[in-house]
Amino acid sequence: MSRSQRKEEDPDLGILAGNILFGVQRELFRALAEQGHPDLRPRHGAVLAYLDEQGSRATDLARQSGQHKQVIGTLVDELVALGYLRREPDPNDRRAKLILPTERGLDELRRGDLIMAGIEARHAAEVGEAEYAAFKRCMTRIARLHRSSAED
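First things first, this report covers the structure right here in the doc. (Residues numbered from 1 in each chain as written. Predicted model: local features only at pLDDT ≥ 70, side-chain atom pairs only at ≥ 80, totals over all residues. Heavy atoms only, no water.)

**Comments concerning the overall build of the protein**
Thought 1: Assigned secondary structure in the protein consists of 7 helices and 2 strands.
Thought 2: Considering only C-alpha atoms, the protein reaches an extent of 60 × 40 × 30 Å along its principal axes.
Thought 3: Counting all 152 residues of the protein, 28% fall into the buried class.
Thought 4: In the protein, once contacts between residues fewer than 6 apart in sequence are set aside, the share between residues at least 24 apart is 51%.
Thought 5: Of the roughly 10,300 Å² of accessible surface on the protein, a fraction of 53% belongs to carbon and sulfur atoms.
Thought 6: Charged side chains of the protein number 24 positive and 25 negative; the gap between the two group centres comes to 4 Å. (Helix = DSSP H or I, 4+ residues; strand = E, 2+ residues; numbered from the N terminus. Buried < 20%, exposed > 50% of the residue type's maximum accessible area, 1.4 Å probe, protein only. Contact = heavy atoms within 4.5 Å. Areas by Shrake-Rupley, 256 points an atom, 1.4 Å probe, with all protein chains shown as cover. Lys, Arg positive; Asp, Glu negative; His and termini not counted. Charge placed at Lys NZ, Arg CZ, Asp CG, Glu CD.)

Pasting the structure below:
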């Protein structure tokens, strides 16, 4: 049996995680494009997935997404230019900037949440509510394990 056949029949964690990530991203960004947000790309998810409606600091977005602060800065610049975000002084620390969604950004956040809820509901219906809930608990534990090992 070839390696590619073996990986297809018994995919490892990286392959499974990639298939899920890329499949969800394709569906999410296709739906967002159809709903008025055609200029967004999956890379923007490193900011948009973690952005708080009341504002977030770039350092927090970097930590939550696992991306370098410079990468987040570039993505924020792109999203500001596209009209999704704005920067304002942080009222708690005037040296820092808060990244806030614009009205366009808020629309995307709300639509993105609804699209993701639909994807998750479809997955739960496919495998069963209890099994899907167990899958998410397991994936959450594994993600935390990797996040904590990256912080060491």
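Let us keep going from here.
**Overview of the side chain of Thr102**
Thought 1: As for its placement among the helices and strands, Thr102 is situated in the loop between β2 (93-101) and α6 (103-127).
Thought 2: For Thr102, a relative accessible area of 19% puts it in the buried group.
Thought 3: In this structure Thr102 touches Gly83, Tyr84, Leu85 and Arg86, once residues within four positions along its chain are discounted.

**Re the packing of aromatic side chains**
Thought 1: This structure, assessed with the given rule, holds 1 aromatic pair.
Thought 2: Centroid distance Tyr132 to Phe135: 5.9 Å. Interplanar angle 35°. Geometry classified as tilted. Residue Tyr132 and its partner Phe135 are both found in helix α7 (residues 129-151); the two are separated by 3 residues, about one turn of the helix.
Thought 3: For Phe135, a relative accessible area of 36% puts it in the partly exposed group. (Phe/Tyr/Trp six-rings, centres within 6.5 Å; stacked < 30°, edge-to-face > 60°.)

**Looking at the nonpolar core**
Thought 1: Leu40, Val47, Ile72, Leu79, Leu85 and Ile99 are the most contacted members of the largest nonpolar core, which has 24 residues in total.
Thought 2: Sorting the residues of this core by element identifies α2 (13-34), α3 (45-48), α4 (58-65), α5 (69-81) and α6 as the ones contributing at least two each. (Core = buried A, V, L, I, M, F, W, Y, C linked by side-chain atoms within 4.5 Å.)

**Points about the packing of α2 against α6**
Two quantities define a packed helix pair, namely the angle between the helix axes and the distance between the axes.
Thought 1: Two elements in contact, α2 and α6, have axes separated by 10 Å at closest approach and are oriented at 135°. The angle between α2 and α6 places the two elements in the oblique class. Our pair here, α2 against α6, has a crossing hand that is right-handed. Contact residues: α2 offers Val24, Glu27, Leu28, Ala31 and Leu32, while α6 offers Glu108, Arg111, Gly112, Ile115, Met116, Ile119, Arg122 and His123.
Thought 2: Broken down by class, the residue content of the contact of α2 with α6 amounts to 7 nonpolar, 2 polar and 4 charged. (Axes fitted to C-alpha atoms, helices over the stretch in contact; angles between N-to-C directions. Parallel < 35°, antiparallel > 145°, perpendicular 65-115°, else oblique. Left-handed = near helix turned anticlockwise from the far one by under 90°. Nonpolar A, V, L, I, M, F, W, Y, C, P; charged D, E, K, R; others polar.)

**Some thoughts on the pattern of salt bridges**
Thought 1: By the definition in use, this model includes 12 salt bridges.
Thought 2: Among the salt bridges present, the one from Arg87 reaches Asp77, with a minimum N-O distance of 2.7 Å. Separated by 10 residues along the polypeptide, Arg87 in strand β1 (residues 85-90) and Asp77 in helix α5 bring together distant segments of the chain.
Thought 3: With relative accessibility at 38%, the residue Arg87 sits in the partly exposed group.
Thought 4: Accessibility expressed as a relative area gives 43% for Asp77, which makes it partly exposed.
Thought 5: Of the charged contacts in the structure, one is a salt bridge between Arg86 and Glu88, with a shortest N-O distance of 2.7 Å.
Thought 6: Judged by its relative accessible area of 33%, Arg86 is partly exposed.
Thought 7: The partly exposed category is assigned to Glu88, whose relative accessible area is 31%.
Thought 8: A single network of salt bridges, built from pairs that share partners, joins Arg57, Asp90, Asp93 and Arg95. (Salt bridge = Lys/Arg side-chain N within 4 Å of Asp/Glu carboxyl O.)

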